[in-house]
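Spelled out from the first residue to the last, the chains are:
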Amino acid sequence: MTSSPTPGLTRFNALDDSAATAELHEVCASSAWGSRLLAQRPFTTTDALFSANESAMAELTAEDLAEAMGGHAPIGRPKPGDPTSAREQRGMAGASEDLKNELLELNLAYQEKFGHVFLICATGATGEFMRDAVTVRIDNSPEAEREIARGELVKINRIRLTRLVEGE
């Protein structure tokens, strides 16, 4: 457990609400999630921040989750000019054109079924791993898939929060 705040956490705690809100929005597009974390500042440890992330994600409604997922680019198509999106999807960089095309088709089918992008914590994952995951998850019910996506958001947010308070 982290016993004292990192310099980055101290900096985050000291931000005015507007600046902190903007930084939290870069982590997660859900305004409800950001408001919950903002209300809990100051955080004494990074573990407390991570715990707040998990609690806030657990409380999000289906509408809040849709807002959070709306902030993510489809797998295989990182947002142009967005270093976070590119870094998180680095596993697709070496993928063959066939794999990229297959993933594009799977993403479109997934989005057609569920109404949102396929969400997976892509950091460190290969294109094959992500293809296999979407292939399995496309058979889920919307309710089951929403809860899996919620869990993936917790992981993604934790990685992004780590970067926010500890640096690259």
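The structure under discussion appears in the preceding block.
Now for a look at the structure at hand. Here the structure is a predicted model, which means the values were calculated and not measured.

1. Here's the deal with the overall build of the protein chain
The secondary structure content of the protein chain amounts to nine helices and zero strands. Each helix and strand of the protein chain, placed in order from N terminus to C terminus, yields the pattern α-α-α-α-α-α-α-α-α. Taken across its 168 residues, the protein chain has 45% of its residues classed as buried. Contacts in the protein chain between residues at least 24 apart in sequence constitute 69% of all its contacts with a sequence separation of at least 6. For the protein chain, the exposed area adds up to about 8,500 Å²; of that, 54% sits on carbon and sulfur atoms.

2. Notes on helix α2 (residues 17-27)
Think of an α-helix as 3.6 residues a turn; residues three or four steps apart then line up on the same face. Within α2, burial applies to A20, L24 and V27. For α2, the angular spread of buried residues about the axis comes to 40°, placing them on one side. Away from its buried face by more than 90 degrees, α2 exposes S18 and E26. Looking at the buried side of α2, the elements it contacts are α1 (7-14), α3 (31-40) and α9 (142-166). Residue D16 occupies the N-cap position of α2, its side-chain oxygen lying 3.0 Å from the main-chain nitrogen of S18.

3. Notes on the packing of aromatic side chains
Under the defined criterion, the tally for this structure stands at two aromatic pairs. Their ring planes at 45° and their centres at 4.5 Å tell us that Y110 and F114 sit as a pair that is tilted. With Y110 and F114 both in helix α7 (residues 97-114) and four residues apart, this pair spans about one turn of that helix. For the pair Y110 and F118, a centre-to-centre distance of 5.2 Å together with 80° between the ring planes defines the contact as edge-to-face.

4. Description of the environment of G71
Inspection of the secondary structure puts G71 in the loop between α5 (62-69) and α6 (83-88). For G71 and S30, which are 41 residues apart along the polypeptide, the C-alpha to C-alpha distance reads 8.2 Å.

5. Quick look at the pattern of salt bridges
In this structure the tally under the stated criterion is nine salt bridges. As a salt-bridge pair, E97 and K100 come within 3.7 Å of each other at their nearest N and O atoms. Linking E97 with K100, this pair stays in helix α7, spanning three residues, or about one helical turn. With its nearest N and O atoms 3.6 Å apart, the salt bridge here joins R131 to E102.

6. Overview of unusual backbone geometry
For residues besides glycine, phi is generally negative; the peptide bonds are generally trans as well. Omega for the peptide link from R41 to P42 comes to 0°, which places this bond in the cis form. For P42, the position within the fold is in the loop between α3 and α4 (46-59).

7. Describing the side chain of N13
Following the sequence through the fold, N13 ends up in helix α1. By relative accessible area, N13 is classed as buried at 18%. When near neighbours in sequence (up to four residues on either side) are disregarded, N13 contacts R41, P42 and F43.

8. A word on α1
Buried within α1 are the following residues: G8, L9, F12 and N13. Seen end-on, α1 carries its buried residues on one side only, within an arc spanning 140°. Exposed and oriented more than 90 degrees from the buried face of α1 are P7 and A14. Those residues of α1 that are buried lie in contact with α2, α4 and α9.

Calculation notes
- Residues numbered from 1 in each chain as written.
- Predicted model: local features only at pLDDT ≥ 70, side-chain atom pairs only at ≥ 80, totals over all residues.
- Heavy atoms only, no water.
- Helix = DSSP H or I, 4+ residues; strand = E, 2+ residues; numbered from the N terminus.
- Buried < 20%, exposed > 50% of the residue type's maximum accessible area, 1.4 Å probe, protein only.
- Contact = heavy atoms within 4.5 Å.
- Areas by Shrake-Rupley, 256 points an atom, 1.4 Å probe, with all protein chains shown as cover.
- Arc of directions from axis to C-beta.
- Polar contact = N/O pair within 3.5 Å; in protein donor to acceptor, adjacent residues only side chain to side chain.
- Phe/Tyr/Trp six-rings, centres within 6.5 Å; stacked < 30°, edge-to-face > 60°.
- Salt bridge = Lys/Arg side-chain N within 4 Å of Asp/Glu carboxyl O.

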